[in-house]
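# Report on the structure
Each chain, written out:
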Amino acid sequence: MRILLLVSAFNSLTQQVFCRLEDLGHEVSVEYARTPALMEEAVALWQPKLILCPYLLQKVPASIWQSVPTLVVHPGPPGDRGASSLDWALLRNEKAWGVTLLQAVEAMDAGPIWAWGSFAMPPESPKGRIYRREVGVTTLRLLEEVLEYFDNPGFSPRWQEPLEPMHAPVRQEQRSIDWTRDDTETIVRKINASDNHPGVEEELLGLEVRLYGAHSEGELRGEPKAVLAKRNGSICLGTVDGAVWISHLKEPGRFKLPATYVLKERLKGIKERRIPLYVDPSLQTFKEITFVQEGRIGYLGFDFYNGAMSAEQCIRLKYAVETLRDEVDLLVLTGGPNFFSNGIHLTILEESKKQGEDGWSNINAMNNLIETLLFSDDILTMASFGANAGAGGVFLGLACDFAVAREGVVLNSHYKTMGLSGSEYHTYTLPGRVGEERAKELLEACLPVSAKRAKDLGMIDALFEAERYEESLKKWCRELLEDEDRYYDLLDAKRERLERDRERIDACKEAELKRMHPEFWDPKSDFHRLRHDFVYKVCPARAPERIARHRRAEK
């Protein structure tokens, strides 16, 4: 059936819902709920049988919900009403939370409930990660329930009686840190409840900022709020019972950047607290690259904030891959818990005074990393898309010999919406998996691809259920190595392919870079304008036609 999504942004949850509905065979169109008139126009053009609101900050006009069934996704259990639902859950240290699909009525979150589900709150996870994973997976499960109910004439949603009072949004006074009393756990929880938005307001070294990306520290100690050390762009602050790392800061009217980029010369005299290139994930500190070895299999994690990879981060990850090739027979790239990867680091480029030079350096560092993966002919490599990926981050994974994904993950395998033609060897790896024609379609359509569809297209080799993802991943890896003859046959075939395709692979990269050169170096290129709008979160007046299919129908 025809379904319309009314949303405030085409964010991760909206994309998950969009993809699942398309996978189920429905016709889906999206409109940004900027004004009542725009929403009413979308309904008039698309004539939907059902309206869904996965992420909505505005109110749906009565003229819409009174005429078309309109369901709102609320990231809280039945009875929870109001904004900042996940924020409050984290601040209160809830052990379990939920998602409710309820019908839009005049009062906020007061309509009858169509479906709801619960999930365990993962410990020490930021709000964004829970929203993309636990909330996303639960929403998709409930969505399929609702679609079954929708065609069942005997179904009636359950009214909320009695109606609970609506809680207020979380304000900065509830988020604020008392450095003389709050312990490390409390500080991390407050920042997690505010990450990715709106951050925790604070004054550091005489500068007004907002804090993001908190990590507890196991060894360093110092005066509360004193800067004790720095590492890979982050800073370590003392607390009453230990220390906490802050990876990113944001000045008023600006955008998030690594903490040391924001504080700059204010950090004179602060020493770099170094750790090895990669460490065990259990190490209690700020760490970006981790490694765990289980027999002949190695799991290489890289948790870069928001999935963005600077030139320096690409170089470090490249060195890690080169080092670990001598340690294992199968190297599994697992990315991070929030994102697998989203490609080059747009905010650092926006901050740069030499945007062309630094952008060119970033894309070449990314290519060098991928080249190392592609030509690792003495081992097999695998990408584990346990979290969302976009642009060059998708093609980082597709450069591996195998790729698997968690159910509910979304891959944005395109560049055009950022004004880029793209590199990362995508003109070699993507057609090699899906064919030339399909690769062109994916790059031109600029639409999210569900993990399920990626499996159907041949982009990935296996799809695992969200609830048992880690277990299924490890089982798949062990089985890949069980048959020694098969393993060496795969390795021989890889070497033969690389030898056969070497000139074509190099030609693909050179052609990609030739197209990208003016995109980085020309100050008037679309890339600089679109990157600026993306970094500063400039919202378009209405949804683009690639997702607003009702406007295509109008033409």
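In case you missed it, the structure is sitting above this.
Chains are numbered independently. Their residues run from 1 in the order of the written sequence. With the structure being a predicted model, the display of local features is reserved for residues of pLDDT at least 70 and the display and counting of side-chain atom pairs for 80 or more, all residues being used for whole-chain, interface and lining totals. Hydrogens and waters are ignored; side-chain quantities use all the structure's heavy atoms.

Secondary structure counts use DSSP, requiring at least four H or I residues in a row for a helix and at least two E residues in a row for a strand, with both numbered from the N terminus. The topology assignment puts Tyr261 in helix H8 (residues 259–263). For Tyr261, a relative accessible area of 34% corresponds to the partly exposed category. As for Tyr261 and Glu351, which are separated by 90 residues in sequence, their C-alpha atoms are 9.0 Å apart. Each residue is placed in one exposure class: buried if its accessible area under a 1.4 Å probe, protein chains only, is under 20% of its type's maximum, exposed if it is over 50%, and partly exposed if it falls in between.

This brings us to the pattern of salt bridges. In what follows, salt bridge is the name for a side-chain nitrogen of Lys or Arg lying within 4 Å of a carboxyl oxygen of Asp or Glu. According to the stated counting rule, one finds 42 salt bridges in the structure shown. Here Arg549 ties to Glu22 by a salt bridge, and the two come within 2.4 Å at their closest N and O atoms. Of this pair, Arg549 sits in helix H19 (residues 549–554) while Glu22 sits in helix H1 (residues 12–23), and the two are 527 residues apart along the sequence. Residues Arg500 and Asp501 are paired through a salt bridge, measuring 3.2 Å at the closest nitrogen-oxygen approach.

Bringing the packing of aromatic side chains into the picture now. Working definition: a ring pair exists when centres of Phe, Tyr or Trp rings (six-membered ring for Trp) sit within 6.5 Å. Plane angles under 30 degrees give stacked, over 60 give edge-to-face, the rest tilted. On inspection of all chains with the given rule, the structure shows 16 aromatic pairs. Aromatic side chains Phe340 and Phe385 sit 4.6 Å apart centroid to centroid with 55° between the ring planes, which places their arrangement in the tilted category. Taken together, the residues Phe340 in the loop between strand S15 (330–335) and helix H10 (346–351) and Phe385 in strand S16 (residues 380–385) connect sequence positions 45 residues apart. Since its relative accessible area comes to 1%, Phe340 is described here as buried. Assessed through its relative accessible area of 0%, Phe385 is described here as buried. Each ring, one from Phe520 and one from Phe527, has its centre 5.3 Å from the other, and the planes form 80°; the classification is edge-to-face. For Phe520, a relative accessible area of 1% puts it in the buried group. Cluster of aromatic residues (ring-pair linked, three or more members): Trp114, Tyr149, Phe150 and Phe155. Note that Arg502 overlies the ring of Phe375, its terminal NZ or CZ placed 3.9 Å from the centroid. Charge-over-ring contacts are defined here by two conditions on Lys NZ or Arg CZ: a distance within 6 Å of the ring centre and an angle within 35 degrees of the ring normal.

Once that is clear, we can look at the pairing of strand S5 (residues 96–103). Within a regular strand, side chains alternate between the sheet's two faces. Of all eight residues that make up S5, six are buried, and the element is covered over most of its length. Note: strand S4 (residues 70–74) against S5, four bridges, orientation antiparallel. Looking at the pairing, Leu71 lines up with Gln103 of S5. Strands pair, by our definition, only if DSSP identifies at least two bridges between them. Where S5 lies against strand S6 (residues 113–120), seven bridges are found, and the strand directions are antiparallel. Note on S6: the bridge partner recorded for Leu102 is Ile113.

Next up on the list: the nonpolar core. Residues Leu211, Phe385, Leu396 and Met459 are the most contacted members of the largest nonpolar core, which totals 90 residues. Tallying contributions element by element places helix H11 (residues 355–374) first for this core, with seven residues. By definition in these notes, contact holds between two residues if any of their heavy atoms fall within 4.5 Å. In this view, Leu211 contacts Ile177, Trp179, Ile191, Gly199, Val200, Glu202, Leu204, Ile246, His248 and Leu249; residues no more than four positions away in its chain are not counted. Only buried residues count toward a nonpolar core, which is a set of Ala, Val, Leu, Ile, Met, Phe, Trp, Tyr and Cys residues joined through side-chain atoms within 4.5 Å. Of all hydrophobic cores here, the second largest spans 44 residues; its members include Val7, Leu13, Tyr131 and Ala193.

Using protein atoms alone on a 1 Å grid, points that fit a 1.4 Å probe yet trap it form a cavity, whereas open point sets bounded by protein on both sides within 12 Å along at least five of seven lines form a pocket; residues with an atom within 4 Å of a point count as lining. Grid points are joined across faces, edges and corners, and a volume is the space filled by probe spheres set on the points. For the structure shown, the criterion picks out two cavities of 30 Å³ or more. The calculated volume of the largest cavity comes to roughly 40 Å³. If you go around the largest cavity, the residues you meet are Arg129, Arg132, Arg133, Pro337, Asn338, Ala387, Asn388 and Arg406. Examining the composition of the lining of the largest cavity, we find that three residues originate from one element, helix H5 (residues 127–150), more than from any other. Among the residues forming the lining of the largest cavity, the class breakdown is two nonpolar, two polar and four charged. In this structure, the second largest cavity encloses a volume near 30 Å³. Just so you know the grouping, Ala, Val, Leu, Ile, Met, Phe, Trp, Tyr, Cys and Pro go in nonpolar, Asp, Glu, Lys and Arg go in charged, and all remaining residues, Gly too, go in polar.

Patch membership requires over 30% relative accessible area and the absence of a salt bridge. Like charges are linked within 9 Å, and nonpolar side chains (Val, Leu, Ile, Met, Phe, Trp, Tyr) within 5 Å. Note on areas: these come from Shrake-Rupley sampling with a 1.4 Å probe, and a residue is covered only by the protein chains present in the view. Only four residue types enter the charge count: Lys and Arg as positive, Asp and Glu as negative, with His and the chain ends excluded. Charge positions are represented by NZ for Lys, CZ for Arg, CG for Asp and CD for Glu. A contiguous patch of negative charge, built from Glu482, Asp483, Asp485 and Asp489, is present on the exposed surface. A relative accessible area of 40% means that Asp483 is categorised as partly exposed.

Attention now moves to the packing of helix H9 (residues 311–324) against H11. Inter-axis angles, ranging from 0 to 180 degrees, are taken between N-to-C directions of lines fitted to C-alpha atoms, where helices are fitted over the stretch in contact. At a minimum axis separation of 8 Å, H9 and H11 run at an interaxial angle of 15°. Between H9 and H11, the angle is such that the two are roughly parallel. The two elements H9 and H11 cross, and the hand of that crossing is left-handed. Facing Ala311, Cys314, Ile315, Leu317, Lys318, Val321 and Glu322 of H9, the residues of H11 in contact are Ser361, Asn362, Ala365, Met366, Asn368, Leu369, Thr372 and Leu373. When describing relative orientation, an angle under 35 degrees is termed roughly parallel and one over 145 degrees roughly antiparallel, while 65 to 115 degrees is termed roughly perpendicular and anything else oblique. Rotating anticlockwise by less than a right angle from the far helix to the near helix defines a left-handed crossing, while the corresponding clockwise rotation defines a right-handed one.

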